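Summary of structural features
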Amino acid sequence: MGMAKALGEETPFTMLAGSEIFSLEMSKTEALTQAFRKSIGVRIREEAEIIEGEVVEIEIDKSVSSGSKTGKITLKTTEMETVYDLGQKMIEAIQKEKIVAGDIITIDKASGKISKLGRSFARSSDYDNVGPQTRFVQCPEGELQKRKEVVHTVTLHEIDVINSRTQGFLALFAGDIGEIKPEVREQIDQKVAEWREEGRAEIVPGVLFIDEVHMLDIECFSFLNRALESDQAPIVIMATNRGITKIRGTNYLSPHGLPLDLLDRALIITTDPYNEREIQQILDIRCQEEDVEMTEDAMKLLTKIGKESSLRYSIHLITTANLVSQKRKSAEVDVQDIRKVYSLFVDIKRSVQFLKDFEKEFMFHEVAEADEKMDTN
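None of the values given here were measured: they were computed from a predicted structure.

A few points about the overall build of the protein chain
The helix and strand inventory of the protein chain stands at 14 helices and 13 strands. Restricting the contact set of the protein chain to residue pairs at least 6 apart, pairs at least 24 apart contribute 61%. Approximately 25000 Å² of the protein chain is accessible, and the part contributed by carbon and sulfur atoms is 50%.

What about the packing of aromatic side chains?
If you walk through the whole model with that rule in mind, you get 4 aromatic pairs. Judged by centre distance (6.1 Å) and plane angle (25 degrees), the rings of phenylalanine 121 and phenylalanine 136 are stacked. A residue pair is termed long-range when its members are at least 10 positions apart, and phenylalanine 121 in the loop between strand S6 (114-120) and strand S7 (136-137) and phenylalanine 136 in strand S7 qualify at 15 residues. With centroids separated by 4.9 Å and ring planes inclined at 40 degrees, the aromatic side chains of phenylalanine 354 and phenylalanine 358 adopt a geometry described as tilted. Residue class for phenylalanine 354 comes out partly exposed when judged on its relative accessible area of 44%. Phenylalanine 358 sits in the partly exposed class, given a relative accessible area of 40%. Over the ring of tyrosine 342 we find arginine 350, and its NZ or CZ is 3.8 Å from the ring centre.

Brief notes about the side chain of threonine 14
Along the chain, the position of threonine 14 falls in strand S1 (residues 13-17). By relative accessible area, threonine 14 is classed as buried at 11%. One polar contact links threonine 14 to serine 39, side chain to side chain, over a distance of 2.9 Å. Those residues within four positions of threonine 14 in sequence are excluded, and the remaining contacts are Ala35, Lys38, Ser39, Val207, Leu208 and Phe209.

As for unusual backbone geometry
For residues besides glycine, phi is generally negative; the peptide bonds are generally trans as well. Its identity as a non-glycine residue notwithstanding, lysine 98 has a phi of 55 degrees, on the positive side. Topologically, lysine 98 is positioned in the loop between helix H3 (88-97) and strand S5 (103-108). Of note, the phi angle at aspartate 291 is positive, near 55 degrees, even though the residue is not glycine. By the secondary structure assignment, aspartate 291 is in the loop between helix H9 (276-289) and helix H10 (296-308).

Regarding the environment of glycine 306
Checked against the element boundaries, glycine 306 lands in helix H10. Looking at glycine 306, the relative accessible area reads 6%, which means it is buried.

A look at the sheet that holds S1
Strand order across the open sheet formed by 3 strands is S1-S10-S11, with parallel pairing between neighbours. Every interior strand has two partners, whereas the edge strands, S1 and strand S11 (235-238), have only one. Averaged over all adjacent pairs, the angle separating strand axes in this sheet is 15 degrees, with direction ignored. One ladder, built from 4 bridges, connects strand S10 (residues 207-211) with S11; its direction is parallel. Counted as the bridge partner of leucine 208 is valine 236 from S11. Contacts from helix H2 (residues 28-38) reach S1, S10 and S11, with the element oriented near 155 degrees to S1.

Calculation rules
- Counting restarts for each chain: residues are numbered from 1 in the order of the written sequence.
- Local features are withheld for residues below a pLDDT of 70 in this predicted model, meaning they are given only at 70 or higher, and side-chain atom pairs are given and counted only at 80 or more; totals for whole chains, interfaces and linings count all residues.
- To obtain the side-chain values, all non-hydrogen atoms of the structure were used and water was disregarded.
- The helix and strand labels rest on DSSP assignments: H or I over at least four residues marks a helix, E over at least two residues marks a strand, and numbering proceeds from the N terminus.
- Between two residues, a contact is recorded if the distance between any of their heavy atoms is within 4.5 Å.
- With residues, only the protein chains shown are counted as cover, and all accessible areas are computed by Shrake-Rupley using a 1.4 Å probe.
- For Phe, Tyr and Trp, rings pair up if their centres lie within 6.5 Å, where Trp contributes its six-membered ring, and each pair is then called stacked (planes under 30 degrees apart), edge-to-face (over 60) or tilted (otherwise).
- In this scheme, a residue with accessible area under 20% of its type's maximum is buried, one over 50% is exposed, and one in between is partly exposed, where area comes from a 1.4 Å probe on protein chains only.
- Ring-over charges, as used throughout, are those where CZ of Arg or NZ of Lys falls within 6 Å of the ring centre and within 35 degrees of the ring normal.
- Contacts described as polar in this section are N or O atom pairs within 3.5 Å, which, within protein, must combine one atom able to donate a hydrogen with one able to accept it, while residues neighboring in sequence count only if both atoms come from side chains.
- Two strands pair if DSSP finds at least two bridges between them.
- Axis definition: a line fit to C-alpha positions, over the contact stretch in the case of helices; interaxial angles, taken between N-to-C directions, run 0 to 180 degrees.

Okay, here's the thing in structure tokens:
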């Protein structure tokens, strides 16, 4: 997410877990294709005709017999002033936006959408007090009717959905997307290529984050190899915590469970464990988020537990230690509270040791058998 924001505010970011590929009601390659196209943005530029000016007067008349409304609005700039007739929908939009004389507005001629930009500086003395949300702007200059460039950023996947469903963009909210035909994508790619040649659009490669990438199988890795060769491919970040393990769908061992040809395309970033100072900083932030007061000695003990056991385990102890301190009517967590919860809730190392010490007490125990198999191999 941070990398996508660093590339730009409108840069697409997509997060995907490797196990999701096998739980969706679509083929694996279709799920990956949609994830890739969600991570590729298209910045479309188009010119729109707008009317921009300061409201001088609004006249609205209501028919006694039919009840229909008609009206007129007078707009001005620093150089001209014009009267426009208003229809029923425009009157409703003006009333909805609560537009009055002295407001600076824009009207999109194509859609009829009215946007309120703020109040004119010339009307700043109309009221003694105004709210903090009131924005004062200068009266527009030049002609009332102008051509303005509007920029929209959408993803290729959103364009796919809009053009492949009868309900259009509403399918994005319905969630029932399903598989999209390759013919639709080909037509969209051709159209986007035409827009790029005309200078109306540009491609914005985003970021695709695949967590638990070792859960993908050899078919998915073959697809990733081909997809990464595209000139429009997003930045793909893959995360895994596996060592030398089997590639899913094969009997071959490979580092991180990824094929060697895919690893050769990647820049591998190593991670180091947190040191004691970093663990304490994380625990301090967590205490602030959970509104937990803790003594300095208790924080040192919790930091030591986090270093010797795990950071997740020490974070879990914050809430439980706070409950113990509240039970004894204390305003802050002390060392005795940490020791209490440490004795009540065991970490994974003590849990494994417990299983080894009392293995005969359990109905099933396969560690010895597994050790024998490893020795024979």
